[in-house]
Amino acid sequence: MRDKVKTFFVIFLILWASLAGISLFLERINVKIEDRFVPVTVNGTTFDINLLVIKPQGIEWNKNYAIVLFHTLLLSAYSLKPLGIELARRGFVVIIPDLPGHGYSEGELPIFFNASDLGILVASAVTYIKDFFDFIVGYAKKEVNPSGPSNVKLIFIGHSFGGGIALLYAALRKDVCATITISPVGISSVFRNPEFSFFSDYLNRSNPKNVLLIVPPIDEVNSENEIKKVLEILGIERPEIGKIYGDFEDGTARMLIKSSLSEHFTVQFTRKTMVEIIKWISKVTKLNLDTSIMMEPIRVFLTYLSLTSGIFSLFLIGPAISERFGLISGGRRWPRFELKIKAVKAGLLWSFITILFTIMLALPIFLIVAYFEVPALVGPASVFGYYIGSVLSLVLIISKWRKIPAKETIRLFIIELYKDARNVLFGLLIAALLFIIFQSTISQISVPVIIIDLKKLVGLLIFYPLALLFSIPYDFLFRREIQEAFGGGTISAAAIAAGLSTLARLIYILMIAGIIMLITGLLGFGLLIIFLLFLVQIVAETLAATLYLATREIIPEAVSNSIFWLALTFALSPSLVILHYYVSFAGIILYK
C-alpha cells in the first residue's frame, strides 16, 4: 500500500512541477517581466514599493501610450499579470504597482477596513495618497519614452477596488485617453460623503475619457444596477449592456459589457475580458491589435491544475516519506460506540464554547474600538479572541474528556511539542513544500505568500507562538482523541475526524461571515468568504488527517499548518503588521 502511495506522490509532484514549469515558460514568451523596488515619498514619508514592469520583447514597443493597471484589496500586482502580459505582447509597456501594504510594497493605504462603504475606501485612497499615484504615472511615462515623457498618453485599467481607483484618479487627470474598469466598486456611493463630493465635478459625460466597464456574469460584490449607476454618473441615461455610447474622437465613448463565465475575483482572467479590453484600446488608439491568439487564459488554467496536483501531493506526503523520519503509524484501534458518540459531542462542543469565549474576549475590545473610532482593530480583536478563546475551550474539553486537571492537560501539550525533534523537522519540511507549491502556482496570479517585508516577518515571528499554541491543542483534540476514537490508523477514522473538524470550524466560519454580512451589507461577499474558508478548511483538514494517519503524531501538522497559514494571513494583510494596530491602540489609550 505504501509503495502505491509513494508512486502517486511522485506522480502528483511531477505533475505539479511540470505544469508550473510550462506555465512559467509560456509566461515569458515575447515579454520581459521585472519586479522593481523603488522608493516613493507620500505625504512626507518615504518607503519602498514594488512595480511589476512588463515590456514587449523582440518587438519595438509603442512610445505613445503607457498602460497602468491597479489591483484590488488584499491581492497584488500579480493578480493582473496575465492581462498585463497580453497587453505587452501587443506592443505596450505595462506598469502594475503593488498598492501600499500589499504584495511586496511597504507602507499603508490610508483607509479603515470596516468596508461599510466601499466608495469611501476608494475615494480616501485616491485623495490621501495621490502622491503615490502621481509617482506611478510619472515613472510609467519615463519608462515608455525617456526623452519625451510629456508626449505619452495614459490608459488606466483597474479591477474591483483598483477599478474604482482607476476611474476616480483618471477623472483628475487630462492625459488619460481611456479608462477600463473591471467590476469597479464603490463609485455610486462616493458622493454621499461630503468630504469626497468634489468628485462629482470631475465625473461627467466627457470625463474621464473613453470608459469601458466590464462585469462578470456572477458578481458577489456588485449588482448589475450598481454598475449601471456608474454609467449614469458618467452621463448615460438607462444604459444597456453591449451598446457603445458617445464617440472615441472626443473621448465620450462609454460601454458596459458582460464577460464570460466568471465571478468578481476571476473575471480578469477570462478570454472575453482580455479580448474586449484589447478591442477597446484598438478603437481609442486607432491601432490594429490582434486578438486571435490569447495564451494567458490557458496559462491561468494550467496554474490551477498545477496547484491541484501540488495539493494532492501534499495529501500523500505523510504516508510517502514519514518512514524516512522514523515516524511510523501504529495499528488500528477498536473503540466502543460510546467513545465515538463522546468524540462527536466534543468536536461540536468546541465550536459553541469557542464562539462564546471569542465574544467574551473580543467584545470589550470592540466596544473600546467603537468609542475611540479605530475600526482597523476589529480584525486583530477577532483573531485574538478566536485564538485565545479556542485554546481555553480546548483545554476545558480535553480536561473533561480525560478527567484530569487543566494544568495536567497543558503539560500534555508541552510533552507533544518536545518529545521528538523529528516531528518538528518533518513539519518544517511540509511547510517548506507548502510555500514552494503555492508560490509557484496560485501566488503567480494572486498574491505572493513568501514575505520579504521585515516588519511583517517580525510580526509573523511574534504571532507564531500564539498560532502554535492554538494548533497543538486543536490537533490534540481532533487527532489524538477524536480520530483515535474512530479507529486511529484507518482511512475511515481519518475521514470522520477531518469531516467533524471541518463541520466544527464551519459553524464558526458561518458566524464570522454573518458578522461580515451584517457590517457590510454584502450578502454575496459574505457567501464568498464562507465558500473560500470552507475550501481552505477542507485542504487543511485533509492534510492534517492524512499526516496523522501516517505518523500518529500531531506536531508535524501543527508546525506546518500554523506557520503557513499565519504567513498567508500576513501576506494578505494590507497593513504593515497586525501588531502595529495593537501598538497604535495602546498609544490612543495612553493619549486619551
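Refer to the preceding data block for the structure.
Thresholds, definitions, all that
Residues numbered from 1 in each chain as written. Predicted model: local features only at pLDDT ≥ 70, side-chain atom pairs only at ≥ 80, totals over all residues. Heavy atoms only, no water. Phe/Tyr/Trp six-rings, centres within 6.5 Å; stacked < 30°, edge-to-face > 60°. Helix = DSSP H or I, 4+ residues; strand = E, 2+ residues; numbered from the N terminus. Buried < 20%, exposed > 50% of the residue type's maximum accessible area, 1.4 Å probe, protein only. Lys NZ or Arg CZ within 6 Å of the ring centre and 35° of its normal. Contact = heavy atoms within 4.5 Å. Pairing = 2+ DSSP bridges. Axes fitted to C-alpha atoms, helices over the stretch in contact; angles between N-to-C directions. 1 Å grid on protein atoms, 1.4 Å probe; cavity = no way out; pocket = protein on both sides within 12 Å on 5 of 7 lines; lining within 4 Å. Points joined across faces, edges and corners; volume = space filled by probe spheres on them. Nonpolar A, V, L, I, M, F, W, Y, C, P; charged D, E, K, R; others polar.

K.L.:
An account of the packing of aromatic side chains is needed here, citing residue identities and associated values.
P.N.:
Inspection of every chain in the model, using the stated rule, returns 20 aromatic pairs. On the basis of an interplanar angle of 70° and a centroid distance of 6.2 Å, the ring pair of Tyr128 and Phe196 is categorised as edge-to-face. Taken together, the residues span a long stretch of sequence, with Tyr128 in helix H3 (residues 118-128) and Phe196 in the loop between strand S6 (176-182) and strand S7 (211-215) at a distance of 68 residues. Phe196 sits in the buried class, given a relative accessible area of 2%. The residue whose ring lies beneath Lys81 is Tyr78, and the NZ or CZ to ring-centre distance is 4.5 Å.

K.L.:
Talk me through the environment of Ser471; I want residue IDs and the actual numbers.
P.N.:
As for its position among the elements, Ser471 is in helix H13 (residues 454-485). Distance in space between the C-alpha atoms of Ser471 and Ser562 is 6.4 Å, their sequence separation being 91 residues. Beyond its immediate chain neighbours, meaning those up to four positions away, Ser471 contacts Ala558, Asn561 and Ser562.

K.L.:
Break down the sheet that holds strand S5 (residues 153-159) for me, citing the residues and quoting the values.
P.N.:
Pairing in this open sheet of eight strands is mixed, and the strands run S1-S2-S4-S3-S5-S6-S7-S8 from one edge to the other. In this open sheet, the two strands that pair with only one neighbour each are strand S1 (31-42) and strand S8 (254-258). Geometrically, the sheet is characterised by an average inter-axis angle of 20° between neighbouring strands, direction not taken into account. Inspection of the sheet shows S5 paired to S6 by six bridges, in the parallel sense. The partner of Ile157 across the bridge, within S6, is Ile180. Sheet contacts for helix H2 (residues 81-88): S1, strand S2 (45-56), strand S3 (65-70), strand S4 (93-97), S5 and S6; angle to S2, the most-contacted strand, approximately 50°. Packed on one face of the sheet, helix H7 (residues 271-285) meets S3, S5, S6, S7 and S8 and runs near 165° to S6.

K.L.:
Describe empty space enclosed by the protein, listing the residues and the values that go with them.
P.N.:
Counted by the stated rule, this structure contains three cavities of 30 Å³ or more. Considering only enclosed or pocket space, the largest cavity measures out at about 60 Å³ in volume. Lining the largest cavity, in full, are Phe470, Ser471, Tyr474, Asp475, Arg479, Arg505, Ala540, Glu541, Ala544, Glu557 and Asn561. Of all elements in the fold, only H13, helix H15 (523-551) and helix H16 (555-572) reach the threshold of two or more residues within the lining of the largest cavity. No other element matches the five residues that H13 contributes to the lining of the largest cavity. When grouped by side-chain class, the residues that make up the lining of the largest cavity number four nonpolar, two polar and five charged. If you add up the space inside the second largest cavity, you get close to 50 Å³. Lining the second largest cavity are Gly103, Tyr104, Pro448, Ile450, Ile451, Ile452, Asp453, Lys456 and Ala571. Of the residues in the lining of the second largest cavity, the class split is six nonpolar, one polar and two charged.

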